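Letter by letter, the chains look like this.
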Amino acid sequence: EPEVTQTPSHQVTQMGQEVILRCVPISNHLYFYWYRQILGQKVEFLVSFYNNEISEKSEIFDDQFSVERPDGSNFTLKIRSTKLEDSAMYFCASSVRGGRSNEQFFGPGTRLTVL
Amino acid sequence: KQEVTQIPAALSVPEGENLVLNCSFTDSAIYNLQWFRQDPGKGLTSLLLIQSSQREQTSGRLNASLDKSSGRSTLYIAASQPGDSATYLCAGLIGSNYQLIWGAGTKLIIKP
């Protein structure tokens, strides 16, 4: 069964460093998403992406963050100059459709630890 | 502001019991609702998706219902097993932004 994959599973970085989290969505999906979950807190929406551009983003998704689909398979989340509070689990998701019919499929997550 | 609330935050029951987890949402403009399972430190496993036009979905021992008018969804787990122990999250696709809005989860412990 097709699934969303994410690498790495765990990333440790120093405060101020840049990190890139990678996702491979399900191959026929057109909509892509990033969410994060700070330990002990709710899952929060970061950004949605369709047709090579951001469709929606939350207040969390500020200039520190960027997303890219560099080729036909990968979808990346870049965090510039990481802060301690960026430590969280980051989930990628994809869906065939957008709008009200979308069912999102999630990857296993990348645990980001900022020291 | 759209909110999804899950009560209780934690639940501990003996093995074999049937149980119900609750999820409520503030916006009746909900397009679908998904239930997920999350094991400690792990990812999100989708259990059931209910479209707004549906009233319930079933998968094995799990049954999820959706009542838009009352702003509630329930996840029914029959004949609970220790392997069902996990945190159960509900998330609603709500509002004009079509974003998933998440509950905080119910941590379920099934005692052998």
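Preceding this paragraph is the structure being described.
No experiment lies behind these values; they were computed from the predicted model shown.

Right, let's get into the overall build of chain B. Helix and strand content of chain B: 0 helices and 11 strands. Listing each helix as α and each strand as β along chain B from the N terminus yields β-β-β-β-β-β-β-β-β-β-β. Against the compact-globule benchmark of 13 Å for 112 residues, chain B has a radius of gyration of 13 Å, which places it among compact chains. Burial statistics for chain B: of 112 residues in total, 46% are counted as buried. Long-range contacts, defined as pairs at least 24 residues apart, comprise 55% of the intrachain contacts of chain B with a sequence gap of at least 6. Mean positive and mean negative side-chain charge positions of chain B (9 and 8 charges, respectively) differ by 3 Å.

This next bit is on the pattern of salt bridges. Pairing between side chains of opposite charge can happen when their charged atoms approach one another. All names here are of chain B. Under the defined criterion, the tally for this structure stands at 4 salt bridges over all chains. Across the pair D39 and R37 runs a salt bridge, and its minimum N-O distance is 3.1 Å. The partner of D84 in a salt bridge is R61, and the shortest N-O contact between them spans 2.8 Å. Here the residue D84 occupies a position in the loop between β8 (72-77) and β9 (86-94), and R61 occupies one in the loop between β6 (56-59) and β7 (62-67), the gap between them amounting to 23 residues. R61 gets classed as partly exposed once you look at its relative accessible area, which sits at 28%.

Moving on to the interface of chain A and chain B. Taken residue by residue, the interface counts 18 residues in chain A and 22 residues in chain B. Counting the surface lost from both chain A and chain B, the interface buries some 1700 Å², and carbon and sulfur atoms represent 53% of this. In terms of surface lost to chain B, no three residues of chain A exceed K42, R100 and F106 of chain A, which account for 32% of the buried area on that side. At the boundary of chain A and chain B, one finds 1 salt bridge.

Residues and elements named next belong to chain A. Pairing is antiparallel in the open sheet, where 4 strands are placed in the order β1-β3-β8-β7. A strand with exactly one partner marks an edge of an open sheet, and here the two such strands are β1 (5-7) and β7 (65-68). Taken over all neighbouring pairs, the strand axes of this sheet differ in orientation by 20 degrees on average, direction set aside. Where strand β3 (residues 19-24) meets strand β8 (residues 75-79), 5 bridges bridge the pair, whose relative direction is antiparallel. Its bridge partner being in β8, V19 is matched across the sheet by I79.

What follows covers the side chain of S73 of chain B. Residue and element names in this part refer to chain B. In this fold, S73 is placed in strand β8. Note on S73: relative accessible area 1%, which makes it buried. A polar contact of 2.6 Å, which involves the side chain of S73, links it to the backbone oxygen of S65.

The next thing to look at is the pairing of β3 of chain A. All names here are of chain A. Burial along β3 is one-sided: V19, L21 and C23 are buried, and none of I20, R22 and V24, which face the opposite way, are. As judged from the 3 bridges shared by β1 and β3, these two strands associate in the antiparallel manner. Bridged to Q6 within β3 is C23.

Right, let's talk about the state of the cysteines for a bit. All names here are of chain A. One pass over the structure, following the stated rule, counts 2 disulfides over all chains. Between C23 and C92 runs a disulfide, and the two sulfur atoms are separated by 1.9 Å. Residues C23 and C92 are joined through a disulfide that is left-handed, its torsion about the S-S bond being -65 degrees. One end of the pair, C23, is in strand β3; the other, C92, is in strand β9 (residues 88-95), with 69 residues separating them in the sequence.

Under the criterion given, the structure shown has 12 aromatic pairs over all chains. Centroid distance F106 of chain A to W102 of chain B: 5.6 Å. Interplanar angle 85 degrees. Geometry classified as edge-to-face. Pair noted here: F106 of chain A is in strand β10 (residues 105-106) and W102 of chain B is in strand β10 (residues 99-102), and the two residues belong to different chains. F106 of chain A sits in the buried class, given a relative accessible area of 11%. Residue classification places W102 of chain B among the buried residues on the basis of a relative accessible area of 2%.

Scoring rules and cut-offs
Residues numbered from 1 in each chain as written. Chains lettered and ligands numbered in written order. Predicted model: local features only at pLDDT ≥ 70, side-chain atom pairs only at ≥ 80, totals over all residues. Heavy atoms only, no water. Helix = DSSP H or I, 4+ residues; strand = E, 2+ residues; numbered from the N terminus. Rg over C-alpha atoms; globule rule 2.2 N^0.38 Å. Buried < 20%, exposed > 50% of the residue type's maximum accessible area, 1.4 Å probe, protein only. Contact = heavy atoms within 4.5 Å. Lys, Arg positive; Asp, Glu negative; His and termini not counted. Charge placed at Lys NZ, Arg CZ, Asp CG, Glu CD. Salt bridge = Lys/Arg side-chain N within 4 Å of Asp/Glu carboxyl O. Buried area = accessible area lost by both parts, 1.4 Å probe. Pairing = 2+ DSSP bridges. Axes fitted to C-alpha atoms, helices over the stretch in contact; angles between N-to-C directions. Polar contact = N/O pair within 3.5 Å; in protein donor to acceptor, adjacent residues only side chain to side chain. Disulfide = S-S within 2.5 Å. Phe/Tyr/Trp six-rings, centres within 6.5 Å; stacked < 30°, edge-to-face > 60°.

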